[in-house]
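Residue-level structure breakdown
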Amino acid sequence: MSEMVAEVTSVSTKGQVVLPKSIRDELSIGPGAKLIVMCDGDNILIKPIKTPSLDEFSGLMDRAQEWAESVGLQEEDIKDAIKTVRQNKKG
């Protein structure tokens, strides 16, 4: 999306918001698409959640592995972190 697109929409009595067709088309948002909605003060941001392709996911995993190695993170550290979080949730 190269330029800002602005449209006006309304909130229904059920709290539903219709994304204008021009914006849905621009972002390839179809029925059943997942969106994340964030609020900061009076600002609302709605962002599509895009599932990465297998190549993108592989690249992300490679970067994560490189980062983990660069900070000395070991597999056992992950297991310990998961165990700690689970214990804190029971707490």
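Figured I'd write up the structure that's included with this text. Note that the coordinates shown come from a computational prediction; the quantities given were computed from them, not determined experimentally.

Helix and strand counts for the protein stand at three helices and two strands. The C-alpha atoms of the protein give 20 Å as radius of gyration, which overshoots the globular expectation for 91 residues (12 Å, by more than 25%). Expressed as lengths along the three principal axes of its C-alpha atoms, the size of the protein is roughly 50 × 40 × 25 Å. In the protein, which comprises 91 residues, the proportion classed as buried is 7%. Taking contacts inside the protein between residues at least 6 apart in sequence as the whole, the part at least 24 apart equals 8%. Within the structure as shown, the protein displays about 8,500 Å² of accessible surface, and the carbon and sulfur contribution to it stands at 55%. Taking the average location of the 12 positive side-chain charges in the protein and that of its 15 negative ones, the two points are 11 Å from each other.

Within this structure, the stated rule accounts for two salt bridges. One salt bridge in this structure joins K21 and D25, with 2.8 Å as the shortest N-O distance. With K21 and D25 both in helix α1 (residues 21-27) and four residues apart, this pair spans about one turn of that helix. According to the relative accessible area criterion, K21 is exposed, its value standing at 52%. Its relative accessible area of 48% is what places D25 among the partly exposed residues. Across the salt bridge formed by E75 and K79, the nearest N and O atoms sit 3.8 Å from each other. Here the residue E75 and the residue K79 both occupy positions in helix α3 (residues 75-90), the gap between them amounting to four residues, near one helical turn.

Cut-off values and rules
Residues numbered from 1 in each chain as written. Predicted model: local features only at pLDDT ≥ 70, side-chain atom pairs only at ≥ 80, totals over all residues. Heavy atoms only, no water. Helix = DSSP H or I, 4+ residues; strand = E, 2+ residues; numbered from the N terminus. Rg over C-alpha atoms; globule rule 2.2 N^0.38 Å. Buried < 20%, exposed > 50% of the residue type's maximum accessible area, 1.4 Å probe, protein only. Contact = heavy atoms within 4.5 Å. Areas by Shrake-Rupley, 256 points an atom, 1.4 Å probe, with all protein chains shown as cover. Lys, Arg positive; Asp, Glu negative; His and termini not counted. Charge placed at Lys NZ, Arg CZ, Asp CG, Glu CD. Salt bridge = Lys/Arg side-chain N within 4 Å of Asp/Glu carboxyl O.

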